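Structure assessment
Listed below are the residues making up each chain.
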Amino acid sequence: MNGLLRLKNRLSQRYEGIFLILPWIIGFLLFVSFPLFYSLYMSFHNVRITGTGILHEYVGIKYYYNLLFEDGGVFYDQLLPFLRQILFMIPIIVIFSFMISIMLNQKFLGRGLFRAVFFLPVIFSSGNIIERFLSQGRGQLGFLEQFSISTTLTQYLPGSWATPIVSVLNSFVLILWYSGVQILLFLAGRQTISASVYEAARIDGANPWEMFWKITLPGMMPFVLLNTIYTIVDLFTFPGNPVIASVNPTQYGPTSALIWVYFIIILLFLGLVVLLLGRAVRNTTQTR
């Protein structure tokens, strides 16, 4: 009897999940699926628009070969440095938003105001605003020039790594602007940990540092994974993205090939994160 009840609960939860995601599935099939797969089709064709219609001339993997081996300026000179830059931006945003959410979860005067302040950049920081700030050199940390940190990094690190690190430091404040949604998700995740668990730990003599490592961090690991995935997707549409800047709407075939290579790279990033952090999430849930 208990087994039937558990099976019924699992099926009801599964159907509830399908029902909640059904509007997205319908929207994807109606508005996204055709343009998505048509762009894949165009990446193997030379597309020309004439007075009589659209002509498709099959060229095979020509555009992919040109992008990766012959004319790889966008891929090797612009995209790879941007990917190195993202490798530094992701942990900065996730760790910063995690620590801020822990502080904003405490009870203090004006907590609601501070929560609103940290979320405001999400509302105001549109792509055009960020591009203006970046072009004006805003978002820098003043002590970088004062102590010549950028010069030191350039001298002692290979150029392939020094450039993205310096770029991240020069727009550090703007990068932290991208933490609003992550802070909100971490705050929601923090509410899932019962206060009685902390009360029991205090009775057992645990200090705040021990409670953070033994209760808070393991309980927040699923939200660390969620926020990391969100941050990756969000940063791959960052205004300084060289791929977006290289999109030529008049060259359908080469642009479609570039976008699909970029899409595969994003999937690889996400797959690696799910593989590594997903294992950590499973380990923490099993030991709790």
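Heads up: the structure comes first, above all this text.
Here we summarise the structure given alongside this text. Because the structure is a prediction, the values reported are computed rather than measured.

Now for the pairing of strand β1 (residues 45-50). Looking along a regular strand, one sees the side chains alternate between the two faces of the sheet. Bridging between β1 and strand β2 (residues 53-58) involves six bridges; their strand directions are antiparallel. Looking at β2, one finds that I49 is bridged to I54.

Okay, the layout of surface pockets next. Volume-wise, the largest pocket comes out at about 480 Å³. Lining the largest pocket are 19 residues, and of these N105, Q106, R190, Y198 and T216 lie nearest its centre. Within the residue set of the lining of the largest pocket, elements represented by two or more residues are α3 (73-104), α11 (195-203) and α12 (208-235). Along the lines of polarity and charge, the residues of the lining of the largest pocket split into nine nonpolar, five polar and five charged. Of the voids in this model, the second largest pocket is the one considered here, and its volume is about 290 Å³. Elements that contribute at least two residues to the lining of the second largest pocket include exactly α2 (62-70), α3 and α14 (252-287).

As a further point, take the environment of R111. Here R111 lies in helix α4 (residues 111-124). Those residues within four positions of R111 in sequence are excluded, and the remaining contacts are L104, N105 and Q106.

Our focus in this paragraph is the nonpolar core. Counting residues in hydrophobic clusters, the biggest one holds 44 residues, and the most contacted among them are L79 and F236. Put simply, the parts of the chain that give this core at least two residues each are α2, α3, α11, α12 and α14. Apart from residues no more than four positions distant in its own chain, F236 is found in contact with L83, I86, N241, I244, Y262, I266 and F269.

A few words on the packing of aromatic side chains. Taken as a whole and judged by the stated rule, the model has 13 aromatic pairs. Ring centres 5.4 Å apart and planes at 20° place the aromatic pair W24 and F28 in the stacked group. Taken together, the positions of W24 and F28, both in helix α1 (residues 2-42) and four residues apart, correspond to about one turn of that helix. Residue classification places W24 among the exposed residues on the basis of a relative accessible area of 57%. Judged by relative accessible area, which is 25%, F28 ranks as partly exposed. On the basis of an interplanar angle of 40° and a centroid distance of 5.3 Å, the ring pair of F44 and Y64 is categorised as tilted. Taken together, the residues F44 in the loop between α1 and β1 and Y64 in helix α2 connect sequence positions 20 residues apart. Linked through ring pairs, F98, F186, W209, F212 and W213 together constitute an aromatic cluster.

Cut-offs and rules
Residues numbered from 1 in each chain as written. Predicted model: local features only at pLDDT ≥ 70, side-chain atom pairs only at ≥ 80, totals over all residues. Heavy atoms only, no water. Pairing = 2+ DSSP bridges. Helix = DSSP H or I, 4+ residues; strand = E, 2+ residues; numbered from the N terminus. 1 Å grid on protein atoms, 1.4 Å probe; cavity = no way out; pocket = protein on both sides within 12 Å on 5 of 7 lines; lining within 4 Å. Points joined across faces, edges and corners; volume = space filled by probe spheres on them. Nonpolar A, V, L, I, M, F, W, Y, C, P; charged D, E, K, R; others polar. Contact = heavy atoms within 4.5 Å. Core = buried A, V, L, I, M, F, W, Y, C linked by side-chain atoms within 4.5 Å. Buried < 20%, exposed > 50% of the residue type's maximum accessible area, 1.4 Å probe, protein only. Phe/Tyr/Trp six-rings, centres within 6.5 Å; stacked < 30°, edge-to-face > 60°.

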